[in-house]
Amino acid sequence: MSMNRMSHFRPMAARQMAKFVRAYSSKEASLKDVFAAQIPEKQEQIKRLRKEHGNSSLGEVVLDQVYGGMRGIPALVWEGSVLDADEGIRFRGLTIPEICEKLPKAPGGSEPLPEGLFWLLLTGEIPTEGQVRALSSELYARSKLPEHVEDLLNHSPKHLHPMAQLSIAVNALESESEFAKAYEQGVNKKEYWQYTFEDSLDLIAKLPSIAARIYRNVFHDGVVASTDSSLDYSANFTKQLGFKNEEFTELMRLYLTIHSDHEGGNVSAHTTHLVGSALSSPYLSVAAGFNGLAGPLHGRANQEVLEWILKMRSEIGSEVTNEQIEKYLWDTLNSGRVVPGYGHAVLRKTDPRYTAQREFGLKHMPDYELFKLVSQIYQVAPKVLGANQKIKNPWPNVDAHSGVLLQYYGLKEQSYYTVLFAVARALGVLPQLIIDRAMGAPIERPKSFSTAKFAEKFGVKL
């Protein structure tokens, strides 16, 4: 969006806004129109909540939480999803099974379209099939990469980790930021969200092309297929990656949907929110979030899970007994390592994202050796991990399954898996970034103390 279009976004008077809301109340209104119509009411809700309960306590913070990574401290607003320790994730109040049932699907497909989830996370509404098709078309129209970003990726060394290449490319897209350009020209802060929205859709649209170019450059011939205006977001992505299997496209639709959002406190989501609160553009904010996602304690865990499973199979053999798995689990724990794919900072039951992928596997690959091995580990691991008093959650998380499903369809390059996670995570963090700017969220600035100061508060001499 060019700067000469800024006049389109002048603040509206109340009467004009009411007319705007009536005009765009149609079911086939665009995503931007639907969200714009919601802003005044949402702003008023927050204003009223803060006025009536701004001084209400949310509970005490104990010292262990401060030193334990701020676990469980209610200190962020995140509208898209809420994570319950027993139930798992809800997207705008809907469970994963409900999401899979209610979101629009591709013609002939059975998995939800991630474009629809993006719509839901931003507005709280399930879009129509027509609205999702229109959004798919809009993302296609925005998908072309600037030449300098293509050149940057084409000249990146193949040994540079795919996540590092992704971060570099997203940072380089700052050259295209409508938010940064508008801010330089002194745009009214009430209009920040509009430029954040434009940048967000542009970034989401371009991410598959970036991710596919990294994959083709590092692992294949460097040739990236062109996109097709008749295809949805996931179908174009798998086409660019070089896959023609419709089942794999269905997996990608499910994968991008369930990996998108997981509350605001995880590293990638929180980092994106934090950097965005300084009014850094969506490109810089999401690139920062991706750098957090690349860590082995966060998004890179899906790579480590598959490496661990493949190593187990190579050491034990293809015919594995439950007793051998139990011994291998104990050997892993006794060596001071964690069992990847199990445990979660919040969840205390089996991750419903694991269950969704397991159901996909049972439908499409029930006899696949690695799928059966993951199922067998699921029978043994909770008992072993539950016997360790230090482990609070012995159940599998989302990473326990994803790599095996990708392997089945031929995407076997484990170091690339976190890039797929990153494309999905952008769909989850960018709606909140738009909401933050629409609601006028301030810069994030929690209070910190030194160990000596904390000790002083408790009357302890160090």
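Here the structure is a predicted model, which means the values were calculated and not measured. (Residues numbered from 1 in each chain as written. Predicted model: local features only at pLDDT ≥ 70, side-chain atom pairs only at ≥ 80, totals over all residues. Heavy atoms only, no water.)

Draft legend 1. Layout of the UniProt feature "active site" (unreviewed entry) in the protein chain. Feature annotation in UniProt places "active site" (unreviewed entry) on His298, His344 and Asp399, given in this structure's numbering. Spanning 102 residues, the named residues nonetheless gather at one spot, since no C-alpha pair among them exceeds 10.5 Å. Positionally, histidine 298 belongs in the loop between α14 (282–293) and α15 (301–316). Here histidine 298 falls in the buried class, since its relative accessible area comes to 14%. Leaving out residues up to four positions away in the same chain, histidine 298 has contacts with Asn266, Val267, Ser268, Gly292, Leu293, Asp399 and Arg425. One polar contact links histidine 298 to serine 268, side chain to side chain, over a distance of 2.9 Å. Relative to the helices and strands, aspartate 399 resides in helix α19 (residues 399–408). (UniProt positions renumbered as here; feature names shortened; annotations may be inferred. Helix = DSSP H or I, 4+ residues; strand = E, 2+ residues; numbered from the N terminus. Buried < 20%, exposed > 50% of the residue type's maximum accessible area, 1.4 Å probe, protein only. Contact = heavy atoms within 4.5 Å. Polar contact = N/O pair within 3.5 Å; in protein donor to acceptor, adjacent residues only side chain to side chain.)

Draft legend 2. A look at the pattern of salt bridges. Taken as a whole and judged by the stated rule, the model has 16 salt bridges. For arginine 353, the salt bridge goes to aspartate 351, with nearest N and O atoms at 2.7 Å. Of the two residues, arginine 353 and aspartate 351, both sit in the buried class. Put simply, Lys32, Glu138, Arg142, Glu198 and Asp202 are held in one network by salt bridges that share partners. (Salt bridge = Lys/Arg side-chain N within 4 Å of Asp/Glu carboxyl O.)

Draft legend 3. Region of the structure containing the domain arrangement of the protein chain. Each assigned domain of the protein chain is listed here: domain 1 (132–298 + 413–439) and domain 2 (300–405). Spacing between the C-alpha centres of domain 1 and domain 2 amounts to 29 Å. Taken residue by residue, the interface counts 19 residues in domain 1 and 20 residues in domain 2. Of the roughly 1700 Å² buried between domain 1 and domain 2 on both sides combined, carbon and sulfur atoms contribute 60%. Where domain 1 touches domain 2, the interface holds 0 salt bridges. Where the side of domain 1 that touches domain 2 is concerned, the elements lending two or more residues are α12 (246–258) and α20 (417–438). Counting residues per element, the side of domain 1 that touches domain 2 draws most heavily on α12, at 6 residues. Of the residues in the side of domain 1 that touches domain 2, the class split is 9 nonpolar, 8 polar and 2 charged. (Domains from an automatic or database assignment. Buried area = accessible area lost by both parts, 1.4 Å probe. Nonpolar A, V, L, I, M, F, W, Y, C, P; charged D, E, K, R; others polar.)

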